[in-house]
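# Observations on chain architecture
As a plain string of letters, each chain reads:
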Amino acid sequence: MKKNETAKIQTILEDTRKRRSRRNSFAVLIIALLLITACGSNGGSNGSGNENATGTAENGGITSAKVPVTIEFWYGLGGTLGENMQLLIDKFNASQNEVIVKPIVQASYPETEQKLQAAIASGKVPAAVLSSNHDWASKGYFAQIDEFIAQDSSFNKEDVIPTFLEQGQIDGKQYFLPLYGTTQVMYYRKDALEKHGYKPENLGTWEALAEAAAKMTVREGDQTTFYGWEPMYDAGNMIDAALGKGGSFLSEDGKTVMIDSPEWVETWELFRKWIHDDQIMRIHYGGQGWEYWYKTIDDVMKGNAAGYTGSSGDQGDLDFSIVSAMEQPGWEGHGKGKPVASAIMAGIPAMASPEQQQAAFKWFSYFMNTENTASWSIQTGYIAVRESALDNPEFVAHSESHPQIMVPLQQATHASAPFIDPTGGKIYDALNIAADRVQIENVSAADALKEAKENAQSELDRLK
């Protein structure tokens, strides 16, 4: 996920009225999302196992029929998401005879990048990967795909949500494609809120949510047996909350790291207090891959917590007869929350052969077409990457019967754009270490973020 400084949404009511009448309220949401401002070379061998990249085979001097190009697609998705990905791969493979996608499942997004780093070092890379890294692209490890887009008349670049497409660009050149969009929202047990007389609209601030969490928490002796809320482990939730209070990653001139400002410290210290001192919230951490994530979901679904903060893509794993969804809170005096809305990007390693690269683009283009991006959104809860998906009859019907699918879209209209880390990820690394210290080790936010700022600033200064 690539990152940039927060951008403001511009008023575009007149432009919205000029759009097709069928979009109505859906168009207003997606148009606002569009205005969140986000911020290859040919190679040797690869690990796809394709023996005939030229697409032909010789047999006794006679050229046989074209041989499909087999490519590996690496991705870190489990559970229902992984199942849906496999179904779409199978659908693609059955839809044509030019490309065969071979799925290679990794444990998580970070592990996918780690494995890719090793593959690049060895010179044996997959042709397609659900991962993106601007720093690596700048160093030539990912292929530019502008030419592929230009040659494919059916791709319709103008239909792709601009803020998502722009997240895959470096200096105006396209290196990555958005397969789906995401933002973290709140999932709550309906019975827990009803039992205590709360409605989602009563929980529009973190202060209100903390008060409700305290009342919903159940203790038996020194043990908490039911938690009022469960933030998701890692820095993401606390970054979202800090942005909602007015925090920023860098100073306006881009020279000073700002992650130890009062907005950050006050926000992160409250999370530390809620988790460790008050024990009205908790986090799951550790384990393999997405284990911590699914333990958090299980706590809510099994009645051990009132709710949790998770991905829009969790919707496929949830029972909405038990839970419902709402937007992330803001802070008193600061308006609505400003959580990050970003695209999950896919790239093509530059070391893949030209035939492999073309095959990978064909697969990505298929994943992104209107029918499939709408279907992916319906099945997973992730945000579709094309405007035209909102006209898809299945999506329209689904959104009417499953209103929770609109919560990520509604939140995205006032979301923050991803931060593009100029240090190649070192600022985020410092924040992740600080988050561990606050969430797991019960270190004060002031101390954890001071250390994070010093380390991040040192990395930023190296660029001068």
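Procedures and definitions
Residues numbered from 1 in each chain as written. Predicted model: local features only at pLDDT ≥ 70, side-chain atom pairs only at ≥ 80, totals over all residues. Heavy atoms only, no water. Helix = DSSP H or I, 4+ residues; strand = E, 2+ residues; numbered from the N terminus. Areas by Shrake-Rupley, 256 points an atom, 1.4 Å probe, with all protein chains shown as cover. Buried < 20%, exposed > 50% of the residue type's maximum accessible area, 1.4 Å probe, protein only. Pairing = 2+ DSSP bridges. Right-handed = clockwise from strand over helix to strand, strands pointing away. Polar contact = N/O pair within 3.5 Å; in protein donor to acceptor, adjacent residues only side chain to side chain. Contact = heavy atoms within 4.5 Å. Axes fitted to C-alpha atoms, helices over the stretch in contact; angles between N-to-C directions. Parallel < 35°, antiparallel > 145°, perpendicular 65-115°, else oblique. Left-handed = near helix turned anticlockwise from the far one by under 90°. Nonpolar A, V, L, I, M, F, W, Y, C, P; charged D, E, K, R; others polar. Arc of directions from axis to C-beta.

### Some remarks on the overall build of the protein chain
Assigned secondary structure in the protein chain consists of 18 helices and 13 strands. Carbon and sulfur atoms provide 48% of the accessible area of the protein chain, an area that totals close to 19,800 Å².

### Looking at the pairing of strand 13 (residues 341–347)
Among the seven residues in strand 13, seven count as buried, and that is most of the element. As paired elements, strand 8 (residues 176–189) and strand 13 share seven bridges and run antiparallel to each other. Counted as the bridge partner of Thr183 is Ala341 from strand 13.

### Description of the pairing of strand 4 (residues 99–105)
Successive residues of a regular strand alternate their side chains across the two faces of the sheet. Two elements, strand 3 (residues 69–75) and strand 4, share seven bridges in a ladder whose sense is parallel. Bridging across to strand 4, Trp74 finds its partner in Ile104. In the classification by handedness, the crossover that spans strand 3, the intervening helix 3 (residues 79–95) and the parallel strand 4 is right-handed.

### Here's the deal with the side chain of Thr205
By secondary structure assignment, the location of Thr205 is in the loop between helix 8 (190–195) and helix 9 (206–216). Within polar-contact distance, the side chain of Thr205 engages the backbone nitrogen of Ala208 at 3.0 Å. Setting aside residues up to four positions removed in sequence, Thr205 forms contacts with Pro329, Gly330, Trp331 and Glu332.

### Digging into the packing of helix 10 (residues 236–244) against helix 11 (residues 262–277)
Remark: helix 10 packs on helix 11, axes separated minimally by 9 Å, with the N-to-C direction vectors making an angle of 135 degrees. By the angle between their directions, the pair helix 10 and helix 11 is classed as oblique. With respect to the hand of their crossing, helix 10 and helix 11 are arranged in right-handed fashion. Judged by residue contacts, Met238, Ile239, Ala241 and Ala242 of helix 10 engage Glu263, Trp264, Thr267, Trp268 and Phe271 from helix 11. Here the residues of the contact of helix 10 with helix 11 sort into seven nonpolar, one polar and one charged.

### With respect to helix 15 (residues 393–401)
Where helix 15 is concerned, the buried positions are Phe395, His398 and Ser399. Buried residues in helix 15, looked at end-on, bunch into an arc of 100 degrees, giving them a common side. Of the residues in helix 15, the exposed ones pointing more than 90 degrees away from the buried face are Pro393 and Glu400. Structurally, the start of helix 15 carries an N-cap: the backbone nitrogen of Glu394 is 3.1 Å from a side-chain oxygen of Asn392.

### Some words on unusual backbone geometry
Its identity as a non-glycine residue notwithstanding, Asn156 has a phi of 55 degrees, on the positive side. One non-glycine residue with positive phi stands out, namely Asp171, at about 55 degrees. Note on placement: Asp171 falls in the loop between strand 6 (169–170) and strand 7 (173–174).

### Description of the side chain of Thr112
Relative to the helices and strands, Thr112 resides in helix 4 (residues 109–122). Among residues more than four places away in sequence, those in contact with Thr112 are Trp74, Tyr75, Gly76, Gln106, Val129, Leu130 and Ser131.

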